[in-house]
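# Summary of structural features
Letter by letter, the chains look like this.
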There are 2 protein chains.
Amino acid sequence: MAATLADVAARAGVSSATVSRVLNGNYPVAEATRRRVTEALRELNYVVNGPARALAAATSEVLGVLVNDVSDPFFGVLASGIQREAAEADLLTMICHTAGSADDELRYMELLLRQRARAIVVTGGGPEDDGHRRRTADLVRQSVSRGTRVVFCGREAPPDSEAASVVFDNDGGAAALTRLLLAAGHRRIAYLTGPPHHTTSSARVAGARQALTEAGIDPDSCLWIRSGFSRAAGLEAGRELVRAGVDCTAVVAGNDLTASGVIASFRACGVRVPEDVSVAGFDDLPVAVDVVPELTTVRLPLRSGAVTAGRIATGARRTAPGAVVRMPAELRSRDSVAAPGGGLTGMAGRLRAH
Amino acid sequence: MAATLADVAARAGVSSATVSRVLNGNYPVAEATRRRVTEALRELNYVVNGPARALAAATSEVLGVLVNDVSDPFFGVLASGIQREAAEADLLTMICHTAGSADDELRYMELLLRQRARAIVVTGGGPEDDGHRRRTADLVRQSVSRGTRVVFCGREAPPDSEAASVVFDNDGGAAALTRLLLAAGHRRIAYLTGPPHHTTSSARVAGARQALTEAGIDPDSCLWIRSGFSRAAGLEAGRELVRAGVDCTAVVAGNDLTASGVIASFRACGVRVPEDVSVAGFDDLPVAVDVVPELTTVRLPLRSGAVTAGRIATGARRTAPGAVVRMPAELRSRDSVAAPGGGLTGMAGRLRAH
DNA sequence: CGAGGCTCAGTAAGCGCTTTCTACGAACCG
DNA sequence: CGGTTCGTAGAAAGCGCTTACTGAGCCTCG
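All values derive from a computational prediction rather than experimental measurement.

## A look at the overall build of chain A
On a plain count of helices and strands, chain A comes out with 13 helices and twelve strands. Relative to the 2.2 N^0.38 estimate, which gives 20 Å for 354 residues, the radius of gyration of chain A is 26 Å and therefore markedly larger than a compact globule would have. Counting only C-alpha atoms and orienting by the principal axes, one finds that chain A spans roughly 85 × 40 × 30 Å. Buried residues in chain A amount to 54% of all 354 residues.

Next comes the structure, spelled out in structure tokens:
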């Protein structure tokens, strides 16, 4: 049913090699022949057989992107930036949703490896688990030995691996944010960390603790609350903070999504931001300026990080094996942080019934 | 470098056919042989060559999903539902981001076709453009003739095509929502439609107009404003409505994202929802209950629609060629709609400076 | 005018797998 | 004990493409 190169060749009165050459344009073909072939191609509605080409050429035209959550804008920005670069290199981007599961991450890496993907970009933070890291390192090794480039974006590649990484300065960003809060006079700060045992969460926590320590404040005098990276996690955490009447004048959310959730539940409880409590986010996602008040947050250059990762993956940018590109973080001071207000204490009574 | 079937066969002292049989388990192999092969497989770190297998077997293990926007939760829910079904059938899901561009949609369909994907699921509404529909129909025909199943989810397949469709009752949902508003006493309603010339937008507009007409109200006495399906579009539209001091007591947003944007800008302008103006959404995305007040909206069974589409795509559910599965819409009445209030007129003065 | 160079296109050898066909023992039967 | 059947595994023919390698014309030039 489907036309093959041979069919097209027969119709154009040439050999299949010539058709292939016309298709790929990497060998000279006389203009008249080219026209005849092009014609036949069109008449037969020819569509390249990707697998056959991949087999013969020992490579394919797909670039795989692993994301934790397709519906999270953080990954949306990353994925679309990488995709743009891939398109530039005529690669088809396959986005695979790992749902944050370490096992799925490995499974998808292996599947992409099977497909002989040209490159794999693993985005976002990952589990802080040596077993997982080792298995990842194994797959990276196999991928590289089979010619599949691997790039990590948002996390460092496993140690001693040949994969390049593009990392964001979560550490420094969190420190800067904490210093801003300190400078505004805040001392009792509640930190909502991201998911536990997760590289991104840990880096942010570490940065904040360091800034605190440098300012002569015992990090353990602050509140460290495990949360998630979703809006829902922020809603819940916010509600809990009010219910418990936690003694703090500022809340640092795990990211902007969480911050928007915190603000929403604060508002529902009559807590004013930033008058009563300041709230800060992280990432500077689009939502940061949609929210009222606009979020003080840390801008991560996601777009350009994604582009960089994409360029390394497509080979448009060459790096040494195991290279690490560090992207700076930048403070974005907006309306959600002000001088310390009355705090949350005593607000519990205002919690609306539900 | 990479081990092939032949390498494994040599090591296990069998033929490559036997190794293939062990791998696929579709032919009997003596237990002892199987063990030896399995061992060799492991020792050599064998990874199947996907393209070679796809070429020989004339099919592949990938299922492609086309989405308009990877960072929109509407598509996130759809994509993850489809993916779950795909995983069930041992297929690798590739999500392709078309950015809502009709051209990219075709390009990606073609790329998936090249890859001899097992199935393609096209999600979301699409352009109402006969040229596009014709070209889509062409690709569907080619796909089907090459054994790639095509399923549309959220839009009907082009006429006379063999592709199945899963569609949501946008029409009926919009009508029900309008009737709810009418019953609450609203007469001056502003409708923010989605993007123009888009099947989803049109269906929702049509449903609303019909309900209006049935109630003896001239649809043209309402305001129909072109907008988008994003939160940003809602923010902007909300701001404009206030600035223009539009005379209406209710706003029906294109979807929940837009509704949340409208509410945010209303709040920023001091317009109370629902006291001054009621606001309704569409889709019942997670954000609908995060927002304050919680959104009155139309629930679309996205998850189960996605699962259905996924099952048709994997072949787990058989349908007649061109079958259309209709998913019902259901009203979700919450807090953002109440009896008519003072409306927007005269609010323009309250618009905060920026 | 013949040797050497160029341009263009055909031949054919794979790429690594699946699968049909065939072959070989062993077990079984009359 | 010869013939049949069954279970198991090898041989080999592709799948549709890419890409050396080869060769046929034709032009150039000493």
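More follows now that the structure is in view.
## Digging into the protein's contact with DNA strand C
Around DNA strand C, the structure places 25 residues, and the nearest of them are Thr 18 and Thr 33 of chain A together with Leu 5, Ser 20 and Tyr 46 of chain B. Of everything in DNA strand C that lies within 4 Å of the protein, sugar and phosphate atoms constitute 64%. Residue Asn 24 of chain B places a side-chain N or O atom 3.1 Å away from a phosphate oxygen belonging to DNA strand C. Those elements giving two or more residues to the surface near DNA strand C turn out to be α2 (16-24) and α4 (50-57) of chain A together with α2 (16-24) and α4 (50-57) of chain B. Broken down by element, the surface near DNA strand C gets its largest block of residues, four residues, from α2 of chain B.

## Topic: helix α3 (residues 31-43) of chain B
Residue and element names in this part refer to chain B. Taking 1.5 Å as the rise per residue, α3 with 13 residues should run 18 Å; its terminal C-alpha atoms sit 18 Å apart, in good agreement. Within α3 the residues assigned to the buried category are Thr 33, Val 37, Ala 40 and Leu 41. Each buried residue of α3 sits inside an arc of 105° when the element is viewed along its axis, so together they form one side. Exposed side of α3, more than 90 degrees from the buried face: Arg 35 and Arg 42 are the residues found there. Packing partners of the buried residues in α3 comprise α1 (5-12) and α2. Asn 45 sits one or two positions beyond α3 and adopts a positive phi of about 60°.

## Focus on the interface of chain B and chain A
With 45 residues of chain B at the contact, the number on the chain A side is 45 residues. For the pairing of chain B and chain A, the buried interface totals around 4,400 Å² over both sides, and the portion due to carbon and sulfur atoms is 59%. Inspection of the chain B/chain A interface yields two salt bridges. One salt bridge in this structure joins Glu 61 of chain B and Arg 114 of chain A, with 3.5 Å as the shortest N-O distance. There are twelve residue pairs in polar contact (both at pLDDT 80 or more) connecting chain B and chain A. Sorting the residues of the side of chain B that touches chain A by element identifies α4, α5 (73-88), β2 (92-97), α6 (102-114), α7 (130-145), α10 (231-243) and α11 (256-268) of chain B as the ones contributing at least two each. Looking at side-chain class alone, the side of chain B that touches chain A contains 26 nonpolar, twelve polar and seven charged residues.

## As for the packing of aromatic side chains
Taken as a whole, this structure holds four aromatic pairs over all chains when the rule is applied. With 5.1 Å between their ring centres and 75° between their planes, Phe 74 of chain B and Phe 75 of chain B make a pair best called edge-to-face. Accessibility expressed as a relative area gives 11% for Phe 74 of chain B, which makes it buried. Its relative accessible area of 7% is what places Phe 75 of chain B among the buried residues. Seen from the ring of Tyr 27 of chain A, Arg 21 of chain A lies directly overhead, with NZ or CZ sitting 5.8 Å from the centre. When the ring centre of Phe 282 of chain B is taken as origin, the NZ or CZ atom of Arg 204 of chain B, which lies over that ring, is 3.9 Å away.

## A word on the pairing of strand β7 (residues 223-226) of chain B
Residues and elements named next belong to chain B. As judged from the four bridges shared by strand β6 (residues 189-193) and β7, these two strands associate in the parallel manner. From the neighbouring strand, Ala 190 faces β7, where its bridge partner is Leu 223. The handedness of the β6 to β7 crossover, carried by helix α9 (residues 199-214), is right-handed.

## With respect to the sheet that holds strand β8 (residues 250-252) of chain A
Hydrogen bonds along the backbone pair up the strands of a sheet, which may run parallel or antiparallel. All names here are of chain A. Read across the sheet, four strands follow the order β7-β6-β8-β9 without closing on themselves; strand pairing throughout is parallel. Looking at strand neighbours, the two that pair on one side only are β7 (223-226) and β9 (278-280), the edges of this open sheet. Going across the sheet, the axis of each strand differs from the next one's by a mean of 20°, ignoring polarity. Across the face of the sheet, helix α11 (residues 256-268) comes into contact with β6 (189-193), β8 and β9 while running at roughly 155° to β9.

## Brief notes about the UniProt feature "domain: HTH lacI-type" (unreviewed entry) in chain A
Per the UniProt entry, the sites bearing "domain: HTH lacI-type" (unreviewed entry) are residues 3-57 of chain A in this numbering. In the segment residues 3-57 of chain A, helix accounts for 69% and strand for 0%; the C-alpha atoms at its two ends are 20 Å apart.

## Re the protein's contact with DNA strand D
DNA strand D sits among 25 residues. The nearest are Leu 5, Ser 20 and Tyr 46 of chain A together with Thr 18 and Thr 33 of chain B. Atoms of DNA strand D within 4 Å of the protein belong to the sugar or the phosphate in 67% of instances, the rest to bases. Measuring from a base nitrogen of DNA strand D, one finds a backbone N or O atom of Ala 52 of chain A at 3.5 Å. Between a base oxygen of DNA strand D and a main-chain N or O atom of Ala 56 of chain B, the distance comes to 3.4 Å. At the level of elements, α2 and α4 of chain A together with α2 and α4 of chain B are the ones that each hand at least two residues to the surface near DNA strand D. The leading source of residues in the surface near DNA strand D is α2 of chain A, at four residues.

## Overview of the relation of the copies chain B and chain A
Turning chain B through 180° and shifting it by 0.1 Å along the axis lays it on chain A, with an RMSD of 0.2 Å. In the structure described here, the two chain copies are related by an operation that fits a two-fold rotation axis. A shared interface surface links the copies, since 96% of the contact residues of chain B are contact residues in chain A too.

## Comments concerning unusual backbone geometry
All names here are of chain A. With an omega dihedral of 5°, the bond running from Val 273 to Pro 274 counts as a cis peptide bond. Within the secondary structure layout, Pro 274 lies in the loop between α11 and β9. Located in the positive-phi region is Arg 116, a residue other than glycine, with phi close to 55°. Considering the arrangement of structural elements, one finds Arg 116 in the loop between α6 (102-114) and β3 (119-123). A residue is classified by how much of its surface remains accessible, and Arg 116, at 13% relative accessible area, is buried. For Asp 283, which is not glycine, the phi dihedral falls at a positive 105°. Among the structural elements, Asp 283 can be located in the loop between β9 and α12 (287-290). Judged by relative accessible area, Asp 283 falls into the buried class, the value being 2%.

Cut-offs used in this document
- The written sequence of each chain sets the order in which its residues are numbered from 1.
- In the order they appear in the text, chains get letters beginning with A and ligands get numbers beginning with 1.
- Only residues with pLDDT of at least 70 get local features here, since the model is predicted, and only at 80 or more are side-chain atom pairs given and counted; chain-wide, interface and lining totals rely on the full set of residues.
- Hydrogens and water are ignored here; the side-chain numbers use all heavy atoms of the structure.
- Per the convention used, a helix needs a DSSP run of H or I reaching at least four residues, while a strand needs a run of E reaching at least two, with both numbered from the N terminus.
- For this measure, only C-alpha atoms enter the radius of gyration; the expected value for a globule follows 2.2 Å times N^0.38, where N is the number of residues.
- Accessible area is worked out with a 1.4 Å probe on protein chains only. A residue is then buried under 20% of its type maximum, exposed over 50%, and partly exposed in between.
- One heavy atom within 4 Å of a molecule or strand makes the whole residue count as near it.
- Contacts described as polar in this section are N or O atom pairs within 3.5 Å, which, within protein, must combine one atom able to donate a hydrogen with one able to accept it, while residues neighboring in sequence count only if both atoms come from side chains.
- A helix is expected to span 1.5 Å multiplied by its residue count minus one.
- It is the directions from the helix axis to the C-beta atoms that the arc portrays.
- Here, two residues are considered to be in contact whenever any of their heavy atoms come within 4.5 Å of each other.
- The term buried area means the drop in 1.4 Å probe accessible area that two parts suffer when joined, counted for both and summed.
- In the sections that follow, a salt bridge refers to a side-chain nitrogen of Lys or Arg positioned within 4 Å of a carboxyl oxygen of Asp or Glu.
- Think of it as three bins: nonpolar holds Ala, Val, Leu, Ile, Met, Phe, Trp, Tyr, Cys and Pro, charged holds Asp, Glu, Lys and Arg, and polar takes everything else, Gly as well.
- Whether two aromatic rings pair depends on their centres lying within 6.5 Å, for rings of Phe, Tyr and Trp, where Trp uses its six-membered ring; planes under 30 degrees apart make the pair stacked, over 60 edge-to-face, and the rest tilted.
- The criterion for a charge sitting over a ring is simple: Lys NZ or Arg CZ within 6 Å of the ring centre, and within 35 degrees of the ring normal.
- Should DSSP find at least two bridges between two strands, the strands are taken to pair.
- With the strands pointing away from the viewer, any crossover whose connection runs clockwise from the first strand over the helix to the second is right-handed.
- Simply put, an axis is a line fit to the C-alpha atoms, just over the touching stretch for a helix, and the angle between two N-to-C directions goes from 0 to 180 degrees.
- UniProt positions are given in the numbering used here, feature names are shortened, and annotations may be inferred rather than shown by experiment.
- In this comparison the copies share one frame, found by least squares on the C-alpha atoms of residues holding pLDDT of at least 70 in both.

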